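The primary structure of each chain is shown beneath.
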Amino acid sequence: YRRKKKASVNERLITEIAELEAELPRRASEVPEEKVAPILGYKKDLDGINPAFAALGSVMTAAFSYSTWQLTIFCVEAFGNSASSLDESNYVFQRIAVVVRTAVVATSALGSGVAGLTAL
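Residues numbered from 1 in each chain as written. Predicted model: local features only at pLDDT ≥ 70, side-chain atom pairs only at ≥ 80, totals over all residues. Heavy atoms only, no water.

## Here we look at the overall build of the protein chain
The criterion, for reference: A run of H or I in DSSP counts as a helix once it spans at least four residues, and a run of E counts as a strand once it spans at least two, with each numbered from the N terminus. The classification of residues rests on relative accessible area computed with a 1.4 Å probe and restricted to protein chains. Under 20% of the type maximum is buried, over 50% is exposed, and intermediate values are partly exposed. We call two residues in contact whenever any of their non-hydrogen atoms come within 4.5 Å of each other.
Broken down by element type, the protein chain carries 4 helices and 0 strands. Each helix and strand of the protein chain, placed in order from N terminus to C terminus, yields the pattern α-α-α-α. Each of the 120 residues in the protein chain was classed as buried or not, and the buried ones make up 12%. Restricting to contacts in the protein chain with at least 6 residues of sequence separation, those with at least 24 account for 68%.

## Looking at the side chain of Ser 112
Here Ser 112 is to be found in helix α4 (residues 91-119). You can call Ser 112 buried: its relative accessible area is 6%. Filtering out sequence-adjacent residues up to four positions away, Ser 112 remains in contact with Ser 65, Thr 68 and Trp 69.

## A look at the packing of helix α3 (residues 51-81) against α4
The criterion, for reference: A fitted line through C-alpha atoms represents every axis, and for helices the fit uses only the stretch in contact; the resulting angles, taken between N-to-C directions, go from 0 to 180 degrees. Geometric relationships in this document are graded by angle, where less than 35 degrees denotes roughly parallel, more than 145 denotes roughly antiparallel, 65 to 115 denotes roughly perpendicular, and other angles denote oblique. Take the far helix as the reference: if the near one is turned anticlockwise from it by less than a right angle, the crossing is left-handed, and if turned clockwise, right-handed. Residues are grouped as follows: Ala, Val, Leu, Ile, Met, Phe, Trp, Tyr, Cys and Pro are nonpolar; Asp, Glu, Lys and Arg are charged; every other residue, Gly included, is polar.
Contact geometry for α3 and α4: axes closest at 8 Å, N-to-C directions at 160 degrees. Judged by the angle between their axes, α3 and α4 are roughly antiparallel. With respect to the hand of their crossing, α3 and α4 are arranged in left-handed fashion. Listed contacts from α4 to Ser 58, Thr 61, Ala 62, Phe 64, Ser 65, Thr 68, Trp 69, Leu 71, Thr 72, Cys 75, Val 76 and Phe 79 of α3 are Arg 101, Val 104, Val 105, Ser 108, Ala 109, Gly 111, Ser 112, Ala 115, Gly 116, Thr 118 and Ala 119. In terms of residue class, the contact of α3 with α4 is built from 12 nonpolar, 10 polar and 1 charged.

## Quick word on α4
Definition in use: Expected span of a helix: the number of residues minus one, times 1.5 Å.
When the terminal C-alpha atoms of α4 are compared, their 42 Å separation across 29 residues agrees well with the 42 Å that a helix rising 1.5 Å per residue should span. Considered for burial, the residues of α4 that qualify are Gln 94, Ala 97, Arg 101, Ser 108, Ser 112, Ala 115 and Ala 119. The elements touched by buried residues of α4 are α3.

## Digging into the confidence of the model for the protein chain
To keep it simple, the criterion reads: Per-residue confidence from the predictor is reported as pLDDT, which spans 0 to 100.
Put simply, the protein chain has an average pLDDT of 82, and 75% of its residues get 70 or more. By mean pLDDT, helix α2 (residues 33-40) is the weakest element of the protein chain at 60, and α3 is the strongest at 92.

Here you go:
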């Protein structure tokens, strides 16, 4: 009595892939149009979209971009004016404060730029 050799994981996966490939349509004409369009990058029909909603979204995003840019300017000025208070603190606190300030300004500037490009 000999035991049947158990298939390895690789052999089982190859068999599963072959079975799935057999189920796929062989020609592009066999694939329904609604499944082909997203794959090939066809544009969605924009007939039902109200242009006022798109314009309103753009205006709101532009307002957000402007307010975020104003926040960036405010942070830069506030951090610039309070830089002298860091001179009396210890070295570790100074470095942490610089990193946090840089992160705040960079994040608000990045958010402003992304929102500005989105508004366009």
